[in-house]
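# Structural description and commentary
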2 protein chains.
Amino acid sequence: MGSSKTVRKLSPVTQVPADIDIANSVEPLHISEIASDLNLTPNHYDLYGKYKAKVLLSVLDEFKEAQGGYYVVVGGITPTPLGEGKSTTTLMSCMFLQVVTCLRQPSQGPTFGIKGGAAGGGYSQVIPMDEFNLHLTGDIHAITAANNLLAAAVDTRIFHEASQSDKALFNRLCPPNKEGKRSFSNIMFRRLKKLGIDETNPDDLTLEEIKRFSRLDIDPSSITWRRVMDVNDRFLRKITIGQGPEEKGMVRETGFDISVASEIMAVLALTTSLEDMRERLGKMVIGNSKANEPITADDLGVGGALTVLMKDAINPTLMQTLEGTPVLVHAGPFANIAHGNSSIVADKIALKLVGPGGFVVTEAGFGSDIGTEKFMNIKCRYSGLTPQCAVIVATVRALKMHGGGPEVVAGRPLDRAYITENVGLVEAGCVNLARHISNTKAYGVNVVVAINMFATDTEAELNAVKKAALDAGAFDAVICTHHAHGGKGAVDLGVAVQKACESVNQPFKFLYPLEISIKKKIEEIARSYGAAGVEYSGQAEKQIEMYSRQGFSNLPICMAKTQYSFSHNAAAKGAPSGFILPIRDVRASVGAGFIYPLVGTMSTMPGLPTRPCFYDIDLDTKTGRVLVYWVIFDRKYWHRSVFDGTERYVRFDRYRRIRYSIYNTVTGDFREAGWDWINEPL
Amino acid sequence: MGSSKTVRKLSPVTQVPADIDIANSVEPLHISEIASDLNLTPNHYDLYGKYKAKVLLSVLDEFKEAQGGYYVVVGGITPTPLGEGKSTTTLMSCMFLQVVTCLRQPSQGPTFGIKGGAAGGGYSQVIPMDEFNLHLTGDIHAITAANNLLAAAVDTRIFHEASQSDKALFNRLCPPNKEGKRSFSNIMFRRLKKLGIDETNPDDLTLEEIKRFSRLDIDPSSITWRRVMDVNDRFLRKITIGQGPEEKGMVRETGFDISVASEIMAVLALTTSLEDMRERLGKMVIGNSKANEPITADDLGVGGALTVLMKDAINPTLMQTLEGTPVLVHAGPFANIAHGNSSIVADKIALKLVGPGGFVVTEAGFGSDIGTEKFMNIKCRYSGLTPQCAVIVATVRALKMHGGGPEVVAGRPLDRAYITENVGLVEAGCVNLARHISNTKAYGVNVVVAINMFATDTEAELNAVKKAALDAGAFDAVICTHHAHGGKGAVDLGVAVQKACESVNQPFKFLYPLEISIKKKIEEIARSYGAAGVEYSGQAEKQIEMYSRQGFSNLPICMAKTQYSFSHNAAAKGAPSGFILPIRDVRASVGAGFIYPLVGTMSTMPGLPTRPCFYDIDLDTKTGRVLVYWVIFDRKYWHRSVFDGTERYVRFDRYRRIRYSIYNTVTGDFREAGWDWINEPL
């Protein structure tokens, strides 16, 4: 199987005005052509319009015996707040002949806020961008629906329990027939089993068993299950519900997260089959009973319905890069409180589709302490897959920052240090790169460093990075210009990755075994950060004790930590060591399958600025095309719209300023019409 | 164009156990076959899997010159709380050779609560049922996303305005470029025009104009825009938002409605083109400024983004009946606070597709005072379409109730009067039917009464209905058994409808002109109910005065009234007259395009019972099939699931009791295992 047939030849141009309209300049291929190049027949997928298809999970069964391809994970060094181009590096992989790129589905909320879309930038994009950034094939909508059905089930159950006796409750849950006989529904046997009740006939239950079965007795203060919405709605961060007169004063404080922060998104990313998803969704814990026992979705009778809502979402979505190579878009768990990696299912399907000698390039979060570590210890643990090569994306800019360069702040111009040659700063910063390399090598993979080149980088600076990378044990280090040149700009990277995959000779190993205690696992990860020790708050101690008692201590750990430093302190650049890592609290996503210690406070619901992106988004009602495409804030990238005969462009520049320009298609006049710093508080 | 080629021949069976598994017994046709029978090529639609396709709006342009078919609307008499089978009567229409049935998309929320799905019952179903009842093609999810983006924009704008001076606000909205020059984004010209500001250069605005432009000055207490969710979540009916520390104490009381109650759903149902949708979404009013001026989505800069979110939702979804005839599913506005009819776009496309001599059967709400009246005066007003025939569905059961039969309560057994012959009761109740007939005839259409036959109805009773219908001026009255027999059971109805369409000879006319005052329009509708007059609350008077002053008095009226009586009093059966109709409040859906007076209190967010439907919904993870299908509560209808070698069935019977039964596939043993009355408070 190979994807070489329809690789589209782009003709990159070098002048900025011509670089503008890349996404609009390419007519996407019908997705059935992309699928056909992967040897997929129409039985293997469901079309969603012309440019998207859901690849059915049954492909995995059909290709069970087929040998898979090479598995490459892309992570990065500790980034600046401007981002270092990891997504685009993942897309660069389209230079391989037989490749599938696996990406996360972006959250729709930020598309209308500040961030703009997330389809890669420049010549490294997933198209059509608007379909990628908006509803896609409805997976996030399904997650929202499932998450909120469970939330409604929780509050409604508390409400109904409050007004009914044990027997009345039991009578409603297991209604008797005309002869007075009762029966359990199938899902109820899950709760019965959990309670150790063997009876299969409801009439055989003792009064005590009736009470234990019927009354979940949820402690409202213990509920960790929040509602979600795929909208940047800061006013839902903290709310009081149940204030209607019919809810009888049963008010409760809670809040909404953005949908991708739902545990159901993490389940989708980590599941391996429909059966596995059914089990994970059923065992998600929403809080505790007053006796401190975990209460699950299946205890509430809703695990099956959640699975039904998610049954199509488990199929990854096939799309294409600008160059016509296949991309599987699937899942996008919040990188802080979850593991931030795309789905296992997509990677597994992709490996079968590329076949032996082919490549699957999958994205992990930035930097590798957050993204790659979770990829290895959580995602690979559940998938059973092992990568041969890990790419670490580095930029001269970020390394200068780690070497002691002035603070880089989104919305403020970069200091001169970042745009003029300073080899000393780069060299000093390479301690950060070196630690990412050695941490990643420890898993038994070959590490290739991709130096994502900016126009202001000098040869001496780039060479310094290259040398440091090789000194630190990287298999290779190559300079990439894929953003400006598409696949062509990453040919060297491709060659290096191929060699790295072909010559891996160590066994894969995890950073920690599952069987050790929660604390021991946390400490193992902290050590990889450079910490000298770990300090637990009283709350963290309490939670660890509770989860251990509840039987969850053998889960892997998903650290909720800033990505801006190896340590908990975002200002500690380079390779800090000797610090004590503070654990503020510990939570669990039991269905997804991990414990997440909180190192600091994580915002799970973004806001909107005074002038959100949506001001620049409209529909051309004549053609049905979206006007003003999504903005990428890493590099110069212009977005086009046409109003009344003049074309209008919006971009974020590398300083994260937003710029507006007017291009008159008749006169050819191109002028900047405005700009703003994005530095408002959100 | 015709759909006759693939009409599937069902073989209805008469024994109950064999009637059970109808939906599962039929393998749906690939939707491209259904499309092809309508002369649609793959360019005309986007596939969404194998059994759903979105028919593109461009079909309307392409078939602009084509002559359309006959247009038939299905309404009903004043119903009992059990429903009288209107959806199934709409589906019966599959007996026509050239037909498209147009249906509403059901809300997903109630599917998991008490109601179960809404795909028709027995042999009159839309398949696959699970796809019809759940995500479909994402339209309701798009509405949820758009509705909530607007809500977030409202609260965030108030927040940002509170902390910024006029000039700071202006600076953010129209940021200056390096030379200090500013520009308006395209959407801002909409607000400028509304404010009567002609300047196109922001620098030319006076300080006063800057203030008027930048500061929406929304009065929080006036906000009518609520958030929505497609989940039965009663605890969101009334909530307090903004309680997070970062929201600086700007708390506000608000709530969630179920998604189908969003004005955006009403817009989708009433729009006629992308351009029209853009305008309607932009002019939706979210509340007033402190100076009592209406604030719109375009004032907030978000009308374009809402349109982008809704750009695919405007394309109706093609599905099929059990018999393989085409169904267009599109929009499902809440029947109380909105107009409760499926979309104009779907009807328009359908009329072109069936062509001259073909039939489009579209559903209006029950009874015709609510559904058909709004169909005629709102939907037909905006579409420019006129029906030739209106079907009024009647049942002996409901007519007995109108004739003075004992109260019919969901969850209680029917009184003997309803299941034994009582011609007198039927005759007395026909005053209700007669008024629906004369009201409907007044629009200039031919009225055909469809008597939806129940097993307990006697010939004398059915003949009494027939006679009363003809006496009241119906074109014809026919007995239907489509529920038990599929299309075959409605052949006579089809023949009568065809004759009615071919022999219409009156001009179409509305009940009221738009130019008269809001009060005059309300009074015209009240008169059709039998009211002697209208009484307005102080609040209603205030609102009518405000909307008139704001320029909205020429909108049609959408009465929010109980469907259980012609009057405001659900207990007043038959054809009440001489009463005074009280108007409690008056609201406006300016974007959708109607004023809605509230006659009583309407719940816009349902709840879940102690044992919601979701207990009986699961996925067969081996086959990917949904176990236990959606339950229809009107007639005997069993739903199958297979666990551990035994089949399990759930149904709601006609008394709206839920029943569970176990069928052992090995022994053939079939026994009832339980039942319950659905009479809990929601």
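Residues numbered from 1 in each chain as written. Chains lettered and ligands numbered in written order. Predicted model: local features only at pLDDT ≥ 70, side-chain atom pairs only at ≥ 80, totals over all residues. Heavy atoms only, no water.

Labelled according to an unreviewed UniProt entry, chain A appears under the name Formate--tetrahydrofolate ligase, originating from Carnegiea gigantea. The UniProt entry for chain A carries the following text under Subunit (unreviewed entry): "Homodimer." (UniProt positions renumbered as here; feature names shortened; annotations may be inferred.)

Let's shift gears to the interface of chain A and chain B. Listed by partner, the interface residues are 102 residues for chain A and 102 residues for chain B. Across the chain A to chain B interface the summed buried area is about 9000 Å²; carbon plus sulfur atoms make up 60%. Three residues stand out in chain A for area buried against chain B, namely Arg172(A), Phe235(A) and Tyr615(A), and they jointly supply 9% of the buried area on that side. Our count for the chain A to chain B interface comes out at 15 salt bridges. The salt bridge involving Asp233(A) is made with Arg227(B); its shortest N-O contact spans 2.6 Å. There are 40 residue pairs in polar contact (both at pLDDT 80 or more) connecting chain A and chain B. (Contact = heavy atoms within 4.5 Å. Buried area = accessible area lost by both parts, 1.4 Å probe. Salt bridge = Lys/Arg side-chain N within 4 Å of Asp/Glu carboxyl O. Polar contact = N/O pair within 3.5 Å; in protein donor to acceptor, adjacent residues only side chain to side chain.)

Turning next to empty space enclosed by the protein. Per the stated rule, a full pass over the model turns up 15 cavities of 30 Å³ or more. Estimated volume of the largest cavity: approximately 400 Å³. Along its surface, the largest cavity is lined by 36 residues, and Tyr48(A), Thr137(A), Gly138(A), Thr137(B) and Gly138(B) are the ones closest to its centre. Secondary-structure elements contributing two or more residues to the lining of the largest cavity are helix H6 (129-133), helix H7 (139-162) and helix H13 (303-309) of chain A together with helix H6 (129-133), helix H7 (139-163) and helix H13 (303-309) of chain B. (1 Å grid on protein atoms, 1.4 Å probe; cavity = no way out; pocket = protein on both sides within 12 Å on 5 of 7 lines; lining within 4 Å. Points joined across faces, edges and corners; volume = space filled by probe spheres on them. Helix = DSSP H or I, 4+ residues; strand = E, 2+ residues; numbered from the N terminus.)

Residue and element names in this part refer to chain B. Taken together, the 5 bridges between strand E16 (residues 446-452) and strand E17 (residues 476-480) define a ladder with parallel strand orientation. Within E17, the position partnered with Ile 451 by the bridge is Ile 479. In terms of handedness, the path from E16 via helix H18 (residues 459-471) over to E17 forms a crossover that is right-handed. (Pairing = 2+ DSSP bridges. Right-handed = clockwise from strand over helix to strand, strands pointing away.)

Attention now moves to the packing of aromatic side chains. Tallying each qualifying case throughout the model produces 24 aromatic pairs over all chains. Centroid distance Tyr443(A) to Phe508(A): 6.5 Å. Interplanar angle 25 degrees. Geometry classified as stacked. One end of the pair, Tyr443(A), is in the loop between helix H17 (423-441) and strand E16 (446-452); the other, Phe508(A), is in the loop between helix H20 (491-502) and helix H21 (518-529), and 65 residues separate them in sequence. Assessed through its relative accessible area of 5%, Tyr443(A) is described here as buried. Over the ring of Phe510(A) we find Arg381(A), and its NZ or CZ is 4.0 Å from the ring centre. Lying over the aromatic face of Tyr529(B), Lys561(B) brings its terminal NZ or CZ to 4.6 Å of the ring centre. (Phe/Tyr/Trp six-rings, centres within 6.5 Å; stacked < 30°, edge-to-face > 60°. Buried < 20%, exposed > 50% of the residue type's maximum accessible area, 1.4 Å probe, protein only. Lys NZ or Arg CZ within 6 Å of the ring centre and 35° of its normal.)

With respect to the secondary-structure elements, Ala472(A) resides in the loop between helix H18 (459-471) and strand E17 (476-480). Residue Ala472(A) is classed as partly exposed on the basis of its relative accessible area, which comes to 22%.

Here we come to the environment of Ala490(A). Checked against the element boundaries, Ala490(A) lands in the loop between helix H19 (482-485) and H20. Given a relative accessible area of 0%, Ala490(A) falls into the buried group.

Time to look at the confidence of the model for chain A. Residues and elements named next belong to chain A. Confidence in the prediction of chain A, expressed as mean pLDDT, is 84, and 82% of residues score 70 or more. Contacts for the low-pLDDT stretch residues 115-124, under 50 throughout, to residues beyond four places or in other chains number 52 contacts. Here residues 629-682 scores under 50 on pLDDT; set against residues more than four positions off or in separate chains, the count is 210 contacts. (pLDDT = per-residue confidence, 0-100.)

Right, let's get into the relation of the copies chain A and chain B. Rotating chain A by 180 degrees about the axis while translating it 0.0 Å along that axis superimposes it on chain B, leaving an RMSD of 0.0 Å. This pairing of chains is accounted for by a two-fold axis. Nearest to the rotation axis, the C-alpha of Tyr48(A) is located 2.2 Å from it, this being the minimum over chain A. (Least-squares fit on C-alpha atoms with pLDDT ≥ 70 in both.)

Core analysis: the largest hydrophobic core is formed by 242 residues, its most contacted members being Leu150(A), Met310(A), Leu150(B) and Met310(B). Residues within four places of Leu150(A) in sequence aside, it is in contact with Trp225(A), Met284(A), Ile286(A), Ala297(A), Leu300(A), Val302(A) and Leu306(A). (Core = buried A, V, L, I, M, F, W, Y, C linked by side-chain atoms within 4.5 Å.)

All names here are of chain B. Buried residues of helix H9 (residues 188-195): Met 188, Arg 191, Leu 192 and Leu 195, and no others. Buried residues along H9 cover an arc of 100 degrees about the axis, so they all sit on one side. On its buried face, H9 is in contact with helix H8 (166-173) and helix H10 (207-214). Looking one or two residues past H9, Gly 196 carries a phi angle of roughly 75 degrees, positive in sign. (Arc of directions from axis to C-beta.)

A word on the side chain of Arg191(A). Residues and elements named next belong to chain A. One can find Arg 191 in helix H9 (residues 188-195). Assessed through its relative accessible area of 6%, Arg 191 is described here as buried. Side-chain polar atoms of Arg 191 contact the backbone oxygen of Arg 212, separated by 2.6 Å. With sequence-adjacent residues up to four places away left out, Arg 191 is seen in contact with Arg 212, Phe 213, Arg 215, Leu 216 and Asp 299.

Residues and elements named next belong to chain B. Viewed as axis vectors pointing N to C, helix H14 (residues 344-354) and helix H15 (residues 371-383) meet at an angle of 65 degrees, and their least axial separation amounts to 10 Å. Viewed along their axes, H14 and H15 adopt a mutual orientation that is roughly perpendicular. For the element pair H14 and H15, the recorded crossing hand is right-handed. Where H14 abuts H15, its residues Ile 344, Asp 347 and Lys 348 lie against Phe 375, Lys 379, Tyr 382 and Ser 383. Here the residues of the contact of H14 with H15 are counted per class, giving 3 nonpolar, 1 polar and 3 charged. (Axes fitted to C-alpha atoms, helices over the stretch in contact; angles between N-to-C directions. Parallel < 35°, antiparallel > 145°, perpendicular 65-115°, else oblique. Left-handed = near helix turned anticlockwise from the far one by under 90°. Nonpolar A, V, L, I, M, F, W, Y, C, P; charged D, E, K, R; others polar.)

For the rest of this paragraph, the subject is the pairing of strand E10 (residues 285-288) of chain A. All names here are of chain A. The pairing of E10 with strand E11 (residues 294-296) spans 3 bridges and is classified as antiparallel. The residue of E11 that forms the bridge with Asn 288 is Pro 294. Counting the residues in the hairpin turn of E10 and E11 gives 5 residues, including Asn 292, whose phi is positive at 70 degrees.

To continue, consider unusual backbone geometry. For residues other than glycine, phi is negative in most cases, and the peptide bonds are mostly trans. Geometrically, the link from Ile127(A) to Pro128(A) is a cis peptide bond, its omega value of -10 degrees lying close to zero. Structurally, Pro128(A) can be placed in the loop between strand E5 (126-127) and H6. Backbone geometry at Leu136(B) places phi at a positive 50 degrees, although glycine is not the residue there. Examined against the element boundaries, Leu136(B) turns out to sit in the loop between H6 and H7. For Leu136(B), a relative accessible area of 5% corresponds to the buried category. Not every positive phi belongs to a glycine, and Asn292(B) is a case in point at roughly 65 degrees. Among the residues examined, Asn292(B) registers a relative accessible area of 35% and is labelled partly exposed.

So, about the packing of H21(A) against helix H22 (residues 538-549) of chain A. Residues and elements named next belong to chain A. For the pair H21 and H22, interaxial distance at closest approach is 10 Å and the crossing angle is 125 degrees. Judged on the interaxial angle alone, H22 and H21 are oblique. The residues of H22 that touch H21, namely those facing Ile 518, Lys 519 and Ile 522, are Glu 541, Ile 544, Tyr 547 and Ser 548.

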